[in-house]
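Structure at a glance
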Amino acid sequence: MAEKLVVISDMWGTKKGLWIASYFGYLQQYFDIVFHDCQQLGDIDIDFSDEDTIHGAFVNGGIDKAVQNLLRKETEPAHYLAFSTGGTIAYKAALKGLPVKSLTALSATRVRLEESMPTVPLKLIYGECDKSKPGLKWAKSVGADLKIVPNFGHTLYSDEKIISEVSLELLGRVTKKVI
């Protein structure tokens, strides 16, 4: 039986997420994939495609609502792959008891505001030029191991090279039972 992989989108959800199909291309043969659109998890229904408006909706209650909905929907242990705001949601849900086998979060935006780290196998990946990445002081204070990828910004997760590397690492965890 295939391992379950929960994928959580960035703040754009399915509106600007064609890149996510590349992850599915690598992973769907080996995982039972469940996909969550970040906006739907956060009950965000905005007709605007303005980044500031969507970001504001998440910061002003959407993230907390998404965490609650994720905890309600996902009750079985699973691997998690999450992007940007989705990474923040998965991280916060893990702190509240989400049953996580492993969490790979790329460009998770607001984890730098957290005072602790979930006790799950965790990989935090950021582009070197990402203004949202946590500082080394934060990482040291919570015990996080950050992977910083040179010459990339916030949306490194949409680059084919990163997609391939992250997907192959996830596959390695499952096929070799390494976490």
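The structure displayed is predicted, hence computed values, not measured ones. (Residues numbered from 1 in each chain as written. Predicted model: local features only at pLDDT ≥ 70, side-chain atom pairs only at ≥ 80, totals over all residues. Heavy atoms only, no water.)

Scanning the protein chain from N- to C-terminus turns up six helices and six strands. The order of α-helices and β-strands along the protein chain, N terminus first, is β-α-β-α-α-β-α-β-β-α-β-α. Against the 2.2 N^0.38 benchmark of 16 Å for 179 residues, the protein chain shows a C-alpha radius of gyration of 15 Å, consistent with a compact globule. With respect to the principal axes defined by its C-alpha atoms, the protein chain has extents near 40 × 35 × 30 Å. Buried residues in the protein chain amount to 51% of all 179 residues. (Helix = DSSP H or I, 4+ residues; strand = E, 2+ residues; numbered from the N terminus. Rg over C-alpha atoms; globule rule 2.2 N^0.38 Å. Buried < 20%, exposed > 50% of the residue type's maximum accessible area, 1.4 Å probe, protein only.)

The parallel open sheet is built from six strands, whose spatial order is S2-S1-S3-S4-S5-S6. Sheet topology places strand S2 (31–36) and strand S6 (146–149) at the edges, where each strand pairs with a single neighbour. On average, adjacent strands in this sheet sit at an angle of 20° to one another, irrespective of strand direction. With four bridges connecting them, strand S5 (residues 122–127) and S6 associate as parallel partners. Directly across from Leu124, in S6, lies its bridge partner Leu146. Packing of helix H1 (residues 20–27) onto the sheet brings it into contact with strand S1 (3–8), S2, strand S3 (78–83) and strand S4 (100–106), and relative to S2 it is tilted by some 160°. Its contacts with the sheet put helix H6 (residues 160–176) on S1, S2, S3, S4, S5 and S6, and the angle it makes with S4 is roughly 170°. (Pairing = 2+ DSSP bridges. Axes fitted to C-alpha atoms, helices over the stretch in contact; angles between N-to-C directions. Contact = heavy atoms within 4.5 Å.)

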